[in-house]
Amino acid sequence: MTSFEIPDSELASIKDQVVIITGASSGIGLATLRRIIKHGGKVFASDLNPLPEPEKSSVPFLKVDVTSWKDQVELFKAAEKEYGTIDHVFANAGIGPTVTLLEDDVDENGDLLPPKLNTVNVNLLGCMYTVKLAIFHLKKNSHGGSIVMTASASSFARFPATDYTTAKHAVLGLLRSLHGHLYPKLPIRINAIAPSWTETAIVPREVIAALGKGNYQSADVVARSVTLLMADATRHGELVYSDCGKFKDLENGEMGYHAVTRRMLGVGDGGEMSETGVLKKLSKLAAEAGADREKEGVNKGLDSLKGVVE
Ligand SMILES: NC(=O)c1ccc[n+]([C@@H]2O[C@H](COP(=O)([O-])OP(=O)(O)OC[C@H]3O[C@@H](n4cnc5c(N)ncnc54)[C@H](O)[C@@H]3O)[C@@H](O)[C@H]2O)c1
């Protein structure tokens, strides 16, 4: 885990870069749009709701529901048509919690109803759609590009908003599972942000009031972390936590999640019983199976692991 600050100078290389943003009309998405443009970047915005002025008159925009694959396909086509290229994608659209699973809601026969999936659909399925399209388009760039996903402090905390926390944990899962498939095999970096309490429309006013000044941050603080992850070509596989204007990458370094869990599990780096050790064995098996046609069945199952761990 590494703590750091984000001076303006570290955001300068976003200049002339093209960024797609989902959920761009409010909060963290809108603040990121403004910060990127401030540093000379170009944005293609999307949201269910229109952008506010003055951006409404100046920033290319498409109305998109992130839960619609068709909408998102059109978004990427429109951005490419507008700018000729896409350099970075911010998968950000999100809504608050919908269900706890403790509901006793029943149908006309008195049978328990299934949980509503609104939050999972927007916060996870919508993010997966954006990420798949981002990989498809960014891998065409010889100079590469990056994806930033909006996870949350609830991606790792016991935050009691069942579907929201579940979806945000899964966004962290996306970061970890895609990490080995992308850079440097493909010229695509992937990172995520984990904002703590941030003053936006998703957080009820009463909650902000109860937190009190100094205990929440502005959306622009979070926008700085998003812009940095795009602008700094060395950042890959980071989860940047922000709280009251302070930043930490929670994934990497000696105090980061992976190093700490390795120590908790009592295994060395790449040791026989570590997850990495097992993955290395599976990756080798996948390579061997690939060379042996008779093992085709095995190969199919292991194919996704081939070369993921060197
Ligand atoms: N505010 C916080 O404290 C906080 C903390 C951690 C993570 N987040 C995450 O930040 C992201 C942005 O939220 P925010 O805090 O800026 O809230 P916000 O409500 O201000 O912005 C969310 C935006 O997403 C849009 N949106 C919602 N559903 C959509 C859909 N189906 N398709 C397209 N756009 C849709 C909304 O119209 C809105 O403009 C979310 O993923 C949220 O979970 C927020």
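Since this is a predicted model, take the numbers as computed values, not measurements. (Residues numbered from 1 in each chain as written. Predicted model: local features only at pLDDT ≥ 70, side-chain atom pairs only at ≥ 80, totals over all residues. Heavy atoms only, no water.)

J.: Looking at this model, I keep getting lost on the pattern of salt bridges. Mind explaining?
T.: Two side chains bearing opposite charge may form a pair once their charged atoms approach each other closely. Evaluation of the coordinates by the stated rule reveals 11 salt bridges. Salt-bridge contacts for Arg 35 lead to Asp 8; the nearest nitrogen and oxygen are separated by 3.7 Å. You can see Arg 35 sitting in helix 1 (residues 27-38) and its partner Asp 8 sitting in the loop between strand 1 (2-4) and strand 2 (18-22), a full 27 residues away along the chain. Take Arg 35: its relative accessible area is 7%, and that puts it in the buried class. What makes Asp 8 partly exposed here is its relative accessible area of 36%. A single salt-bridge network, built from bridges that share partners, covers Asp 8, Arg 35, Asp 220 and Arg 224. (Salt bridge = Lys/Arg side-chain N within 4 Å of Asp/Glu carboxyl O. Helix = DSSP H or I, 4+ residues; strand = E, 2+ residues; numbered from the N terminus. Buried < 20%, exposed > 50% of the residue type's maximum accessible area, 1.4 Å probe, protein only.)

J.: Sorry, what's going on with the packing of helix 1 against helix 7 (residues 219-231) here?
T.: In a packed pair of helices, the relevant descriptors are the angle between the two axes and the axis-to-axis distance. Two elements in contact, helix 1 and helix 7, have axes whose closest approach is 8 Å; the angle formed by their N-to-C orientations is 60°. Comparing the axis directions of helix 1 and helix 7 gives the class oblique. By crossing handedness, the relation of helix 1 to helix 7 is classed as right-handed. Side by side, helix 1 and helix 7 meet where Gly 27, Ile 28, Ala 31, Thr 32, Arg 35 and Ile 36 of the first sit next to Ala 219, Asp 220, Val 222, Ala 223, Arg 224, Val 226, Thr 227 and Met 230 of the second. Here the contact of helix 1 with helix 7 is built from residues that sort into eight nonpolar, three polar and three charged. (Axes fitted to C-alpha atoms, helices over the stretch in contact; angles between N-to-C directions. Parallel < 35°, antiparallel > 145°, perpendicular 65-115°, else oblique. Left-handed = near helix turned anticlockwise from the far one by under 90°. Contact = heavy atoms within 4.5 Å. Nonpolar A, V, L, I, M, F, W, Y, C, P; charged D, E, K, R; others polar.)

J.: How should the site of the ligand be read in this particular structure?
T.: Inspection of the region around the ligand gives 28 residues, with Ser 26, Ile 28, Asp 47, Tyr 164 and Thr 200 positioned closest. At 2.9 Å from a nitrogen atom of the ligand is found a side-chain nitrogen or oxygen belonging to Asp 65. Contact distances for the ligand include 2.9 Å between a nitrogen atom and a backbone N or O atom of Val 66. Considered on its own, the ligand offers 820 Å² of accessible surface; in the complex 93% of this is hidden by protein. Using a 2 Å cut-off from the grid points, one finds that the ligand occupies the largest pocket. When contributions to the shell around the ligand are tallied by element, the ones reaching two or more residues are helix 1 and helix 5 (162-179). Its residues placed into classes, the shell around the ligand shows 14 nonpolar, 11 polar and three charged. (Near = heavy atom within 4 Å. Polar contact = N/O pair within 3.5 Å; in protein donor to acceptor, adjacent residues only side chain to side chain. Areas by Shrake-Rupley, 256 points an atom, 1.4 Å probe, with all protein chains shown as cover. 1 Å grid on protein atoms, 1.4 Å probe; cavity = no way out; pocket = protein on both sides within 12 Å on 5 of 7 lines; lining within 4 Å. Sits in = over half its atoms within 2 Å of the grid points.)

J.: Please clarify how empty space enclosed by the protein should be interpreted in this entry.
T.: Any empty space left between atoms is shown by rolling a water-sized probe over those atoms. The full count for this structure, using the stated rule, is one cavity of 30 Å³ or more. Roughly 40 Å³ of volume is contained in the largest cavity. As for the largest cavity, its lining consists of Thr 22, Val 66, Ala 91, Asn 92, Ala 93, Val 122, Gly 126, Cys 127 and Thr 130. Broken down by element, the residue count for the lining of the largest cavity peaks at four residues, all from helix 4 (residues 118-138). Here the lining of the largest cavity is built from residues that sort into five nonpolar, four polar and no charged. (Points joined across faces, edges and corners; volume = space filled by probe spheres on them.)

J.: Looking at this structure, I do not really get unusual backbone geometry. What am I missing?
T.: Where the residue is not glycine, phi is negative for most of them; where a peptide bond is considered, it is trans in most cases. Here Glu 53 and Pro 54 are connected by a cis peptide whose omega angle stands at 5°. Relative to the helices and strands, Pro 54 resides in the loop between strand 3 (42-47) and helix 2 (55-58). Look at the link from Tyr 183 to Pro 184: it is a cis peptide, with omega at 5°. Tracing the backbone through its elements, the reader meets Pro 184 in the loop between helix 5 and strand 7 (188-195).

J.: Could you clarify how one ought to interpret the pairing of strand 5 (residues 88-91) in this entry?
T.: Consecutive side chains of a regular strand alternate in pointing toward one face of the sheet and then the other. Residues of strand 5 alternate between two faces, with His 88 and Phe 90 on one and Val 89 and Ala 91 on the opposite face, all of them buried. Of the strand pairs in this sheet, strand 2 and strand 5 are connected by three bridges, and their pairing is parallel. When the sheet's bridge partners are listed, Ile 21 is paired in strand 5 with Phe 90. By the bridge criterion, four bridges tie strand 5 to strand 6 (residues 145-150) in an arrangement that is parallel. Note that in strand 6 the partner of His 88 across the bridge is Ser 146. Between the parallel pair strand 5 and strand 6, the chain is carried across by helix 4, and the sense of this crossover is right-handed. (Pairing = 2+ DSSP bridges. Right-handed = clockwise from strand over helix to strand, strands pointing away.)

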